[in-house]
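Spelled out from the first residue to the last, the chains are:
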Amino acid sequence: MIGFVLILIAAFFFPGLILRTKSIASGRKGPGILQPVKDIGVLMRKGSVFSKTTGLVFQIAPVVTLSSILCALLVIPFANQNAVISFEGDFVFFSYLLAFGKFFAIIAALDTGSSFEGMGANREAFFSMLMEPAFFILLATFAMFTGYTSFSDIFSHFFIIENHYVLIYSIIGFFLFVQIAMVENSRLPVDDPKTHLELTMIHEVMILDNSGFDKALIHIGSYLKFAIYGALMYNVIVPAGWNIFLQTGLFLVVQVAFAIIIGLIESFRARNKMNKNPKFILTISAIAWIAFVVILILTDKLI
Amino acid sequence: MNAILFLIILSLTFPVFFITKSVKYYYTLFLLMSGIILTSVWCFEVFAGNNQQLDIQLYLSLFQINFILTIDRLSAFFIVVVNITVFTGFLYARGYLRPYYQSKNALRFSIHYFSYLWLYLSMIMVVMIRDGLSFLIVWEIMALSSFLLVIFDAEDRTILKTGISYLIQMHVGMFFILIAFLMVDKATGQMSFDALKLYFSNHSNLLLFILFFIGFGIKAGFIPLHTWLPEAHPAAPSHVSGVMSGVMIKMGIYGILRVLMSVQNDLLLIGLIILSISLVSGVLGVMIAIVQHDLKRLLAYHSIENIGIIGIGIGLGVIGLATNNTALTLLGFSGGLLHVMNHSLFKSLLFFNAGSVYKATHTRNIEQLGGLMKKMPYTAVLFLIGSLAICGLPPFNGFISEYLIYLGMFKSLSAANLYQSIIILGTIVGLALIGGLAIFCFTKAFGIVFLGEPRSEKALMAKEVGKDMIFPQYITIAFIVLIGLASVYFVKPVFNIVTKAFGLPDISMAADSTINNLTQISILSGIFVFTIIILLVYRHFHLKTKQIDVGPTWGCGYTAGTYKQQYTATSYAYNYNHIAKPLLQTKKLMTDIREDEIFPGKRTFISHSDDIFKKHLIDKPIDWFSGLLKKIAVMQTGQIQHYILYAFVFMLLVFLLTYFNLI
């Protein structure tokens, strides 16, 4: 339960930290850390405009997407404590539940009949399809490495294994989670949320027609997603056995560091050309394969 | 008693021909229901009773044939699957067939209903008969009756042609099964499934299994044996497509399972063969499905994908048997078996809805549809649920079976050796990819067909289909949701079947932990549904206090108003097509704009992608063969003198060969 609360807290500050980093890096005064949260408040107070083309799907999609993320949150563990709900193969559920939300986000975009949003929908579906294997390879290697098949068990046994090369693995896992998080949240280098051309956007172009309350829900969902992946990263680099207070501090440090990393990447890097993205994403899967081979060596199966 | 009742039902199918047109439907429905009730009672006896199987002797004294129906738990499971879909399919057929009442005469309807009844009866007999010869007879009846069902609309010559092609391919499959049975007969003196055990104990397992696998695989539609599937399903009326895709192709799976129950060695190799073919079927099936424009053909390719998933489960189960990995065996087989049921539910649902769309718009071309959610809300919601279920998303049933397969694999990883690890990881990647591709495909199918603005006059004029076509689908939906949310009650019996069928020693540990996991999944799914409802209610009251406006879709400063500017199915699949090019061979037909053409005229653009397997395995050999036959046809001169000459040459040849003792 502590993990659940911590993730919510992290999500609260996360987008502000990214914004702050970006404005400092580009030498601007920039908005305060709480600006994105205030924006949500503004959106909540606003009315909505719905396209006359849209129907039921468009109305319920933001709610469904947010619910899927909220429920996915329940299986993420923290420290040595089990997640709120934990069972064998819960990461399969995690991944498919997020896919459920994505399914609705995509069809909601198609519901508007706008070709821009169709474009975004298609890209989202396409890239997340390519991303799916990387996540599963990574989790499969975790499962093979630790011998457990749920988030909670994997992470609590991650560092107790008598294998001194675990650090290598923890770094590869961290790296891969960063990459997966970038693609899943549609950030650089795959997508630039701040671009001002609809033709080149992915996630932002899908929600062109959402306004008011629905848009606020979508934003909350994407902030939560950041914090979820931040928590996963945290779990692969900090041993679960450490003191809980220390862990709480470290958790926040990792989340802040993750936000700053994203901010820095977005300040100093250009977005990929759209047709380079499949290659980029498949490279992540390839790296996951390498991680698998590393584990084969570490567990004395290979050689 | 059972036997007599069954024989009465069999014989009562013939009067269908002599009943007035208006009550024919109800008569058939009555017979169908009595069949369903009778067989359900048998299944109940098998599941509830202590006896493992139920034997029923059908003695037809007239023909001196002795059929023995044997129901064990595996048969009972398949009977349940068949019963549900055949029943909903026939309820749906009432509305679907109504427009044809004027144009087709009574005989056509009699043939249609008669074939439907016999398709049902042959399917339940296929899973109950163990004797080889009788099995082949009912297998043949199944092929024939489904052929008659496919060609219901035979005024359309292409449909008749497709039907005949289907019939031929079914017989190729039957030929393989026949050879396999003959081999068993020659070696053991018996021709039945029960003799397989004897055969496998002292002969090569691999060869016979492959023969059976090809024979049953053609029915099931594994790539590359699938070529009949994407042709026959679109040609058939939708309730028939639903039944064929939902349950008839599963008879192939049943056959494979029945044979597998007796296989004794070469298990690892056999498992690998099934697994690799299934992976190919799964991934390629959905990959080809994405580029289809015909809604029913798209669904047909998805059947191949789902057969692939079922096959993955079975393949893993066999590998588990070979490596003495009880968890993998149990979860693999159970996942595959449960997916048989799941697929029969959501695939028939999707086919029924595709039929409703066809009935309302008279087109199956996705590019001409759009905006149907407003015109046909019930159909749209049903199709949406079917789509979510087929993508394997929680909280629907597709997730449960895929989860079982995943769980089996993840659990076996840490104890697996190098090769097993690689196989398992490859399968995980394949399954994950199938999931992603399925989502891609069904967001496309649902989004383009039901959302946005209508893309043609036909879609604009669409009206919701009648209640009688909607209602039977609620039954299917109920099962889909029930299996998704209360999975435990369905998985337990499946565990039971698998344990008995493959003689697994002690499964209690693997089974208990899985049941525990499934309970957690049910809880989490419940929380998910609950969260959605809470948020929706909150949203409802929140929006009430705010100002709500309705306007046109945001067009980024360019709100030009024609429906043609929407995203189409082709454009949706464009970037996917780009990387899948080598496999799909999409061809584009268009004329480029010439340099001197200042005001370009009207142009057409056609994109089409071939199924490379059909092209290279069926079309090319047939073209080659018919070319050869045409060359031989030179001898057919039409002059009687030449034919007499041929006869003389032949006789001379026979004489000479006999003279030199060559024949």
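Keep in mind that this is a model prediction, so the values were computed, not measured.

1. Here we look at the overall build of chain A
So, step 1. Along the backbone of chain A there are 11 helices and one strand.
So, step 2. Its helices and strands in sequence order give chain A the pattern α-α-β-α-α-α-α-α-α-α-α-α, from N to C terminus.
So, step 3. Whereas a compact globule of 303 residues would reach a radius of gyration of roughly 19 Å, chain A reaches 19 Å, a difference of no more than 12%.
So, step 4. Counting all 303 residues of chain A, 58% fall into the buried class.
So, step 5. Once local pairs closer than 6 in sequence are excluded, the contacts in chain A between residues at least 24 apart make up 78%.

2. A short note on the overall build of chain B
So, step 1. Counting its secondary structure elements, chain B contains 27 helices and five strands.
So, step 2. Here the C-alpha radius of gyration of chain B, 27 Å, is about what a compact globule of 663 residues would show, namely 26 Å.
So, step 3. In chain B, which comprises 663 residues, the proportion classed as buried is 51%.
So, step 4. Sequence separation of 24 or more characterises 80% of the internal contacts of chain B that already satisfy a separation of 6 or more.

3. Side note on the domain arrangement of chain B
So, step 1. Taken domain by domain, chain B holds domain 1 (327-542 + 567-589) and domain 2 (611-663).
So, step 2. The distance between the C-alpha centroids of domain 1 of chain B and domain 2 of chain B comes to 51 Å.

4. Looking at the packing of helix H3 (residues 56-73) of chain A against helix H23 (residues 508-544) of chain B
So, step 1. Contact geometry for H3 of chain A and H23 of chain B: axes closest at 9 Å, N-to-C directions at 140°. It follows that H3 of chain A is oblique to H23 of chain B by the angle criterion. The two elements H3 of chain A and H23 of chain B cross, and the hand of that crossing is right-handed. Contacts between H3 of chain A and H23 of chain B involve Ile60, Val63, Val64, Leu66, Ser67, Ser68, Leu70 and Cys71 of chain A from the former and Leu524, Ile527, Phe528, Thr531, Ile532, Leu535, Leu536 and Arg539 of chain B from the latter.
So, step 2. Among the residues making up the contact of H3 of chain A with H23 of chain B, the classes are represented as 12 nonpolar, three polar and one charged.

5. Observations regarding the packing of helix H17 (residues 377-390) of chain B against helix H19 (residues 418-450) of chain B
Residue and element names in this part refer to chain B.
So, step 1. Between H17 and H19, whose axes approach to 9 Å, the crossing angle comes to 170°. With respect to their mutual orientation, H17 and H19 come out roughly antiparallel. Residues Ala380, Phe383, Leu384, Ser387 and Ile390 of H17 pack against Ala438, Phe442, Ala445, Phe446 and Phe450 of H19.
So, step 2. Here the contact of H17 with H19 is built from residues that sort into nine nonpolar, one polar and no charged.

6. What about the environment of Asn243 of chain A?
So, step 1. Structurally, Asn243 of chain A can be placed in the loop between helix H9 (212-237) and helix H10 (244-268).
So, step 2. Sequence separation between Asn243 of chain A and Ala79 of chain A is 164 residues, and the spatial gap between their C-alpha atoms is 8.6 Å.

7. Comments concerning the environment of Arg73 of chain B
Residue and element names in this part refer to chain B.
So, step 1. Considering the arrangement of structural elements, one finds Arg73 in helix H3 (residues 73-97).
So, step 2. As for Arg73 and Met469, which are separated by 396 residues in sequence, their C-alpha atoms are 33 Å apart.
So, step 3. Contacts of Arg73, omitting those with residues within four sequence positions, involve Val46, Phe47, Asn496, Ile497, Lys500 and Ala501.

8. With respect to the interface of chain A and chain B
So, step 1. Between chain A and chain B, the contact holds 66 residues from the first and 68 residues from the second.
So, step 2. Put simply, the parts of the chain that give the side of chain A that touches chain B at least two residues each are strand S1 (48-51), H3, helix H4 (90-111), helix H5 (115-146), H9 and helix H11 (277-298) of chain A.
So, step 3. Element by element, the count of residues in the side of chain A that touches chain B is highest for H5 of chain A, at 17 residues.
So, step 4. Of the residues that constitute the side of chain A that touches chain B, the class distribution is 41 nonpolar, 18 polar and seven charged.
So, step 5. Here S1 of chain A pairs with strand S3 (residues 548-551) of chain B via four bridges, running parallel. Counted as the bridge partner of Val49 of chain A is Asp549 of chain B from S3 of chain B.

9. A closer look at the confidence of the model for chain B
So, step 1. Here chain B averages 89 in pLDDT, while 98% of its residues score no lower than 70.
So, step 2. At the level of chain-chain contacts, confidence expressed as ipTM amounts to 0.95, with global pTM at 0.93.

10. Some remarks on the pairing of strand S4 (residues 586-590) of chain B
Residue and element names in this part refer to chain B.
So, step 1. Counting buried positions along S4 yields zero of five residues, so the element is predominantly exposed.
So, step 2. Of the strand pairs in this sheet, S4 and strand S5 (residues 605-609) are connected by five bridges, and their pairing is antiparallel. Paired with Lys587 across the two strands is His608, which belongs to S5.

11. Observations regarding unusual backbone geometry
Residues and elements named next belong to chain B.
So, step 1. Of the consecutive residues Ile223 and Pro224, the connecting peptide bond is found in the cis state with omega at 5°.
So, step 2. Residue Pro395 is reached from Pro394 by a cis peptide bond, and omega for that bond is 5°.
So, step 3. Here Pro395 shows up in the loop between H17 and helix H18 (397-412).
So, step 4. One non-glycine residue with positive phi stands out, namely Asn324, at about 55°.
So, step 5. Among the residues examined, Asn324 registers 9 C-beta atoms within 10 Å and is labelled exposed.
So, step 6. Despite not being glycine, His362 has its phi angle at roughly 60°, a positive value.
So, step 7. Locating His362 in the fold gives a position in the loop between helix H15 (326-361) and helix H16 (372-375).
So, step 8. The exposure class assigned to His362 is exposed, which follows from the 11 C-beta atoms found within 10 Å.

12. Structural notes on the environment of Ile171 of chain A
So, step 1. Locating Ile171 of chain A in the fold gives a position in helix H7 (residues 166-184).
So, step 2. With 65 residues separating them along the chain, Ile171 of chain A and Val236 of chain A place their C-alpha atoms 8.0 Å apart.

13. Observations regarding H3 of chain B
Each turn of an α-helix holds 3.6 residues, which means side chains three or four residues apart point in the same direction.
So, step 1. Spanning 25 residues, H3 of chain B covers 35 Å between terminal C-alpha atoms, matching the ideal 36 Å at 1.5 Å per step.
So, step 2. Of all 25 residues making up H3 of chain B, 21 are buried, and the element is well covered by its neighbours.

What counts, and at which threshold
Residues numbered from 1 in each chain as written. Chains lettered and ligands numbered in written order. Predicted model: local features only at pLDDT ≥ 70, side-chain atom pairs only at ≥ 80, totals over all residues. Helix = DSSP H or I, 4+ residues; strand = E, 2+ residues; numbered from the N terminus. Rg over C-alpha atoms; globule rule 2.2 N^0.38 Å. Buried ≥ 20, exposed ≤ 12 C-beta atoms within 10 Å, placed from the backbone. Contact = placed C-beta atoms within 7 Å. Domains from an automatic or database assignment. Axes fitted to C-alpha atoms, helices over the stretch in contact; angles between N-to-C directions. Parallel < 35°, antiparallel > 145°, perpendicular 65-115°, else oblique. Left-handed = near helix turned anticlockwise from the far one by under 90°. Nonpolar A, V, L, I, M, F, W, Y, C, P; charged D, E, K, R; others polar. Pairing = 2+ DSSP bridges. pLDDT = per-residue confidence, 0-100. Expected span 1.5 Å × (residues − 1).

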